[in-house]
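Fold and contact review
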Amino acid sequence: MANPWAGEVAIWLDGQRHTGKLTLGALAELEANLGADSLIALAERFEERRFSARDVLAVLVAGLRGGGWQGSAEDLRRADLAGGPVGAARAAAELLARAFALPEE
C-alpha cells in the first residue's frame, strides 16, 4: 500500500502495482526534462488543468523512478496504465500534491 504521508502514490502498469514518489532527485530530473521555470509553476499547471500529456508522462516517469522503477519514458509510453489518460493525469497530480504537502500538525 502506498503511504501518502511519505509522498507515495500507487501506479498500476500492465496490471502490476508500482509505488511512485517524487524524491529530490526525481524532482530535479523532472525539472530538467521539462525545462520548467519552477516546479511550483508545474504544480500550478496541474491545479489549473493546463497540463500537457508530456507533463503527465514526465511526472509519472520521475515519480516511478523515485519509487525504484527502472523503466524509461518509452517503457511507460507502451505500458497499459490503469485508468487510461485520466488515471495517469490523476496519479501525476497526486504525486505533485504529495511532494509539496506539509504534514498536518
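Here, every reference points to the structure presented above.
All values derive from a computational prediction rather than experimental measurement. (Residues numbered from 1 in each chain as written. Predicted model: local features only at pLDDT ≥ 70, side-chain atom pairs only at ≥ 80, totals over all residues. Heavy atoms only, no water.)

1. Examining the packing of helix 2 (residues 39-47) against helix 3 (residues 53-66)
Helix packing for two helices is described by the angle between their axes and how far apart those axes are. Here helix 2 crosses helix 3 at 120°, and the two axes come no closer than 12 Å. By the angle between their directions, the pair helix 2 and helix 3 is classed as oblique. Crossing hand, helix 2 versus helix 3: left-handed. When helix 2 is examined against helix 3, the residues Leu 42, Arg 45 and Phe 46 are found in contact with a partner set consisting of Asp 55, Val 56 and Val 59. Across the contact of helix 2 with helix 3, the residue classes tally to four nonpolar, no polar and two charged. (Axes fitted to C-alpha atoms, helices over the stretch in contact; angles between N-to-C directions. Helix = DSSP H or I, 4+ residues; strand = E, 2+ residues; numbered from the N terminus. Parallel < 35°, antiparallel > 145°, perpendicular 65-115°, else oblique. Left-handed = near helix turned anticlockwise from the far one by under 90°. Contact = heavy atoms within 4.5 Å. Nonpolar A, V, L, I, M, F, W, Y, C, P; charged D, E, K, R; others polar.)

2. Some details on unusual backbone geometry
Its identity as a non-glycine residue notwithstanding, Asp 14 has a phi of 50°, on the positive side. Along the chain, Asp 14 turns up in the loop between strand 1 (8-13) and strand 2 (16-21). One non-glycine residue, Arg 49, lies in the positive phi region at around 60°.

3. Some remarks on the pairing of strand 1
Of the two faces of strand 1, only the one carrying Val 9, Ile 11 and Leu 13 is buried; Glu 8, Ala 10 and Trp 12 on the other face are not. Relative to strand 2, strand 1 runs antiparallel, the two being bridged by six bridges. Paired with Trp 12 across the strands is Arg 17, a residue of strand 2. Hairpin remark: strand 1 followed by strand 2, antiparallel, with two residues in the connecting loop; positive phi at Asp 14, about 50°. (Buried < 20%, exposed > 50% of the residue type's maximum accessible area, 1.4 Å probe, protein only. Pairing = 2+ DSSP bridges.)

4. A closer look at the pattern of salt bridges
Using the criterion set out here, one finds six salt bridges in the structure. In this structure, the salt-bridge partner of Glu 29 is Arg 65, at a minimum N-O distance of 2.4 Å. Highlighted residues: Glu 29 in helix 1 (residues 24-34) and Arg 65 in helix 3, separated in sequence by 36 residues. Accessibility expressed as a relative area gives 22% for Glu 29, which makes it partly exposed. The class of Arg 65 is partly exposed, set by a relative accessible area of 33%. The residue Glu 94 makes a salt bridge to Arg 98 at a minimum N-O spacing of 3.3 Å. Taken together, the residues span about one helical turn, with Glu 94 and Arg 98 both in helix 5 (residues 84-100) at a distance of four residues. What makes Glu 94 partly exposed here is its relative accessible area of 30%. Take Arg 98: its relative accessible area is 28%, and that puts it in the partly exposed class. Three or more residues are tied together by salt bridges with common partners; here these are Glu 74, Asp 75, Arg 77 and Arg 78. (Salt bridge = Lys/Arg side-chain N within 4 Å of Asp/Glu carboxyl O.)

5. Thoughts on the nonpolar core
If you look at the biggest cluster of nonpolar residues, it comprises 30 residues, and the most contacted ones within it are Leu 30, Val 59, Leu 60 and Leu 76. At eight residues, helix 3 tops the list of elements feeding residues into this core. For Leu 30, the contacting residues outside a window of four places in its chain are Leu 39, Leu 42, Ala 58, Val 59, Ala 62 and Leu 96. (Core = buried A, V, L, I, M, F, W, Y, C linked by side-chain atoms within 4.5 Å.)

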